[in-house]
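If you want the building blocks of each chain, they are given just below.
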Amino acid sequence: MASAEHAEGASDAALRISELRISLEYHNRRYHEDDDPEIPDSEFDLLVNELRRLEEEHPELASESSPGVTVGGAPNTTFAPVVHAQPMTSLDNAMDADELRAWGSRIEKALDGEAARYVCELKIDGLAVSLRYEDGHLVTAATRGDGRVGEDVTANVRTIQGLPQVIDGVPSVFEVRGEIYMARSVFDALNVEATKAGERLLVNPRNAAAGSLRQKDSAATARRRLSMWAYQLGEAAFDVAPETHTETLDFIRSRGFPVNPEVAAFDSFDGVLDFCVSAVDRRHELDYDVDGVVIKVDNLDQRRRLGFTSRAPRWAIAFKFPPEERLTRLIDIRVSVGRTGRTTPYAVLEPVFVGGSTVSMATLHNEDQVRAKDVRPGDTVIVRKAGDVIPEVVGPVLSERPDGLDEWSFPEVCECPLKSRYVRAAGEADTRCVEPQCPFQRDQKIMYWASRGAMDIEGLGERTVVQLTESGRVRDVADLYALSVDDVEALEGFARMSAEKLVAAIDESRTRPAWRVLTAFGVKHLGPTAAQALASKFGSVRAVLDATDDERAAVDGVGEVISASVTNWWADERHRDLVDRLETADVKFDVMPASSTAASNLAQTLDGRAVVITGSVPGYTREGGIEAVVARGGTSPGSVSKKTYALVVGDGAGASKLSKAETFGIPVIPAADFDRFLETGNLPSEG
Ligand code: IVH
């Protein structure tokens, strides 16, 4: 019995191994030879790990040529083959802290307890190259290829700025290895150009770098503005060789090669783990993609003793970041209607854990985007969630598309009970619902009113809003203020206490500052910053609405577009009626933030200054941070510009804001110094 089971297990395994090998060979080719991978690296790694595990459990099925053992792809015939003087091996991966610790223990054991020092480097997501210098002259640049034979890309590598072509003071044979990458800023700029020219977009910086390096025409490579970080030596005929990796990096740097500054050496493994954790947090602040941390034993003699396995060095390991791209099934494409009637198609996904949270929905933006991506219900799709960016569907995995899947088409009518017709005007990207009585728009308007950035009514979420409107108790936001505790308690899911809480929260919102009321109206173009400027200039909601176009447009930070939009909104009878009813319901229109009233004694340390806040600041909500700046006389716009006075940076800060601040030379205030900054208004250099 047991042996029959075993035989069955073995034949299952044989089948799965063969499936995995075929699949991996296909994806290997797409990645290494076509520069056009179809699945995320994380999914590829999962397949490799499964294959390696099965091959270990069934040594009789192992094979030297299995993609579980070999690395990379076959060289492309466009470029001449280059046999590497020393093989360019891959790295083993640690997928989590436990696997990383296990590697550390293996090192300690293999060194018989001898102390080891570890160097941590960022794992750059580009493609590996080896630059060979003879008598100080660059003679060959080669890709990794299958690790033994790569492709000759010398002419193209010569176009990369900042790589020395001739160097002094190096051994007669000297190979420097590193990663060629495309900076994020270059990638974004090239895609802006491609959009303008109506050309195909680059998918991601890594593919863009690989594709750019393998152009037949070097001038085309030059236009792609590639970069390189050097991190290792290949063959190098030193008289006196460096003894540690740290010395090697110093030497490479001293010869003019770009060496990534984010390197640190640790004598304890705790330091290594801390570095990895903080690298995960900082990855989005960098101008290049990083997919992990490479940890290397520093001492080169220890490295020699540790040696290599069949596929990778024992003395180094790649700690892979949690994936930001995963595969999942696209169950359906549905359409949501926003408060202005704009519709957004969105993907309903089989839930997948990606980028630190479980994702079951992702926006698809508009009809053209769905068409461009050609995603269809039933497809296996790549879902991406990077940092604090909302999740997106990158595209389908075409090789996994079941037969007979129909292309998705935009529905003609809304799902709502009115079944209203959608309209897409000529030349517009958006499809709209133009039905004035649209129940979806009405619900969204109420939710927007209650949202944190507007009237901030805690506990008034979508479910409650829908119950309130469907039961007919609430038709618009003014009706909220007539709700009794009994009304709310009658809703599903409410007990006496929670009903009292909600009614109290609604009541509390009556005294929100005027800028919040203005924001909560949802007037097109009128965001919190302009609303703050208007409210503090005119002193009340009505005064803002009744001011002339020119009076409003003259306010700093407002301008003609916003002012005209307010005029337009205020010309609508329904809005005038709403404002009257809100006033009757005792919603206050002239509350100013504590600081700008005469009673306030807060020093106006930021008078007229724009302070942008990015990431979370301990002790403040997002709105709380903005209010604190406003209370000091400043404004807090959502984006950095030349006029920004300072950028306050907390955890999870946006990379683009930081790099913009750097470009414009705008002072950066760490979140920990925010309170002091509010009190003094002083920039770091002013002490
Ligand atoms: S060292 C024998 N250091 O990651 C060790 N590799 O998955 C050679 N990579 O093939 C590699 N950043 O293309 C090393 N700081 C770094 C790296 C790095 C990125 C790439 C490299 C390598 C792959 C392994």
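All values reported here derive from a predicted model rather than from experimental measurement.

Asker: Can you help me understand the state of the cysteines in this one?
Answerer: Each disulfide consists of one covalent bond between the sulfur atoms belonging to two cysteines. On inspection of all chains with the given rule, the structure shows zero disulfides. Here C276 stays unpaired: no disulfide links it, and the sulfur of C120, its closest cysteine neighbor, is 5.5 Å away. Given the relative accessible area of 2%, C276 is considered buried.

Asker: Looking at this structure, how should I read the environment of K642?
Answerer: You can see K642 is positioned in the loop between α23 (622-631) and β20 (646-649). The spatial distance from the C-alpha of K642 to the C-alpha of D430 is 31 Å, given a sequence separation of 212 residues.

Asker: In this structure, what is going on with the site of the ligand? I would like to understand it.
Answerer: Around the ligand, a shell composed of 15 residues is seen, among which E121, I124, R144, E179 and K296 lie nearest. At 3.0 Å, a backbone N or O of I124 approaches a nitrogen atom of the ligand. The separation between an oxygen atom of the ligand and a polar side-chain atom of Y231 is 3.5 Å. Burial of the ligand by the surrounding chains reaches 89%, relative to a free accessible area of 530 Å². Those elements that place two or more of their residues in the shell around the ligand are β3 (118-124), β8 (227-236) and β10 (290-297). Among the elements that make up the shell around the ligand, the one with the highest residue count is β3 (four residues). Residues belonging to the shell around the ligand are distributed by class as follows: eight nonpolar, two polar and five charged.

Asker: Could you clarify how one ought to interpret the pattern of salt bridges in this entry?
Answerer: Any two side chains of opposite charge can pair, on the condition that their charged atoms come close. The tally for this structure, following the rule as stated, stands at 54 salt bridges. Of the charged contacts, one joins R510 and D507 as a salt bridge, the two residues approaching to 2.8 Å between their closest N and O atoms. Where R516 meets E627, a salt bridge forms, and the shortest distance between an N and an O atom there is 2.8 Å. You can see R516 sitting in helix α17 (residues 514-520) and its partner E627 sitting in helix α23, a full 111 residues away along the chain.

Asker: Is there a simple way to think about the pairing of strand β13 (residues 343-354) in this case?
Answerer: In the case of a regular strand, side chains alternate between the two sheet surfaces. Two elements, strand β12 (residues 325-337) and β13, share seven bridges in a ladder whose sense is antiparallel. Looking at β13, one finds that D332 is bridged to V348. Taking the residues that link successive antiparallel strands as the turn, the β12-β13 hairpin has five residues, and the phi of G341 there is positive, at about 95°. Pairing of β13 with strand β14 (residues 357-363) involves six bridges; the strand directions are antiparallel. Residue pairing for β14: F353 is matched across the bridge by T358.

Asker: So what exactly am I meant to see when it comes to the sheet that holds strand β7 (residues 173-181) here?
Answerer: Taken together, four strands build an open sheet; the order of strands is β5-β4-β7-β8 and the sheet is antiparallel. The open sheet terminates on both sides in strands that have one partner only, identified here as β5 (137-143) and β8. Here the strands of the sheet are splayed against their neighbours by 25° on average, with no regard to which way each runs. Across eight bridges, strand β4 (residues 127-134) lies against β7 in antiparallel orientation. Following the sheet pairing, V129 is matched in β7 by G178. On top of the sheet, helix α6 (residues 205-213) reaches β4, β5 and β7; it is set at about 40° to β4, its chief contact. On top of the sheet, helix α8 (residues 245-254) reaches β7 and β8; it is set at about 115° to β8, its chief contact.

Asker: Explanation requested: the sheet that holds strand β2 (residues 93-94) in the structure shown.
Answerer: Paired through backbone hydrogen bonds, the strands of a sheet run either parallel or antiparallel to each other. Spatially, five strands are ordered β2-β11-β10-β3-β9 in an open sheet, and the strand pairing comes out mixed. In this open sheet, the two strands that pair with only one neighbour each are β2 and β9 (264-266). Bridging between β10 and strand β11 (residues 316-320) involves five bridges; their strand directions are antiparallel. When the bridges of β11 are listed, V293 appears paired with F319.

Asker: Is there a simple way to explain the pairing of β20 in this structure?
Answerer: Covered by surrounding structure in β20 are A646 and V648 together with L647 and V649, the residues of both alternating faces. Relative to β20, strand β19 (residues 611-614) runs parallel, the two being bridged by four bridges. Considered in β20, the bridge of V611 is made with A646. This β-α-β element, β19 to α23 to β20, shows left-handed connectivity. Once you follow β20 into helix α24 (residues 655-664) and on to strand β21 (residues 668-670), the crossover reads as right-handed.

Asker: Sorry, what's going on with the nonpolar core here?
Answerer: Where a protein is soluble and globular, its nonpolar side chains tend to be buried together. L100, L131 and I295 are the most contacted members of the largest nonpolar core, which totals 65 residues. Element by element, the count of residues in this core is highest for helix α9 (residues 269-282), at six residues.

Asker: Could you clarify how one ought to interpret the side chain of D443 in this entry?
Answerer: Structurally, D443 can be placed in helix α12 (residues 439-450). According to the relative accessible area criterion, D443 is buried, its value standing at 9%. Side chain to side chain, D443 and T469 meet in a polar contact 2.9 Å long. Not counting the four nearest positions on each side in its chain, D443 is found in contact with V465, V466 and T469.

Asker: Any chance you could explain the packing of helix α3 (residues 97-110) against α9 here in plain terms?
Answerer: How two helices sit against one another is set out by the angle between their axes and by the gap between those axes. In the contact formed by α3 and α9, the axes pass within 11 Å of each other and the chain directions differ by 150°. Classed by the angle they form, the pair α3 and α9 counts as roughly antiparallel. α3 and α9 meet at a crossing whose hand is right-handed. Residue-level inspection shows A97, L100, R101, W103 and G104 of α3 in contact with α9, the latter providing F269, V272, L273 and C276. Residue composition of the contact of α3 with α9, grouped by class: seven nonpolar, one polar and one charged.

Asker: For this particular structure, what's the right way to read helix α18 (residues 528-538)?
Answerer: What sets the pattern is the α-helix's 3.6 residues per turn: residues three or four places apart point alike. Every buried residue of α18 is accounted for by A530, A531, Q532, A533, L534 and A535. Where α18 is buried, its residues meet α17, α19 (541-546), α20 (549-553), α21 (559-570) and α23. Just downstream of α18 lies G539, where phi reads positive at about 90°.

Asker: Could you clarify how one ought to interpret the packing of aromatic side chains in this entry?
Answerer: Each pair of aromatic rings is reported with the distance of its centres and the angle of its planes. On inspection of all chains with the given rule, the structure shows 20 aromatic pairs. Three or more aromatic residues joined by ring pairs form one cluster here, namely W449, F521, W569 and W570. For R303, the ring lying beneath its charged end belongs to W315, and the centroid distance is 4.0 Å. Sitting over the face of the ring of W570, R576 holds its NZ or CZ atom 4.4 Å from the ring centroid.

Scoring rules and cut-offs
- Residues numbered from 1 in each chain as written.
- Predicted model: local features only at pLDDT ≥ 70, side-chain atom pairs only at ≥ 80, totals over all residues.
- Heavy atoms only, no water.
- Disulfide = S-S within 2.5 Å.
- Buried < 20%, exposed > 50% of the residue type's maximum accessible area, 1.4 Å probe, protein only.
- Helix = DSSP H or I, 4+ residues; strand = E, 2+ residues; numbered from the N terminus.
- Near = heavy atom within 4 Å.
- Polar contact = N/O pair within 3.5 Å; in protein donor to acceptor, adjacent residues only side chain to side chain.
- Areas by Shrake-Rupley, 256 points an atom, 1.4 Å probe, with all protein chains shown as cover.
- Nonpolar A, V, L, I, M, F, W, Y, C, P; charged D, E, K, R; others polar.
- Salt bridge = Lys/Arg side-chain N within 4 Å of Asp/Glu carboxyl O.
- Pairing = 2+ DSSP bridges.
- Axes fitted to C-alpha atoms, helices over the stretch in contact; angles between N-to-C directions.
- Contact = heavy atoms within 4.5 Å.
- Right-handed = clockwise from strand over helix to strand, strands pointing away.
- Core = buried A, V, L, I, M, F, W, Y, C linked by side-chain atoms within 4.5 Å.
- Parallel < 35°, antiparallel > 145°, perpendicular 65-115°, else oblique.
- Left-handed = near helix turned anticlockwise from the far one by under 90°.
- Phe/Tyr/Trp six-rings, centres within 6.5 Å; stacked < 30°, edge-to-face > 60°.
- Lys NZ or Arg CZ within 6 Å of the ring centre and 35° of its normal.

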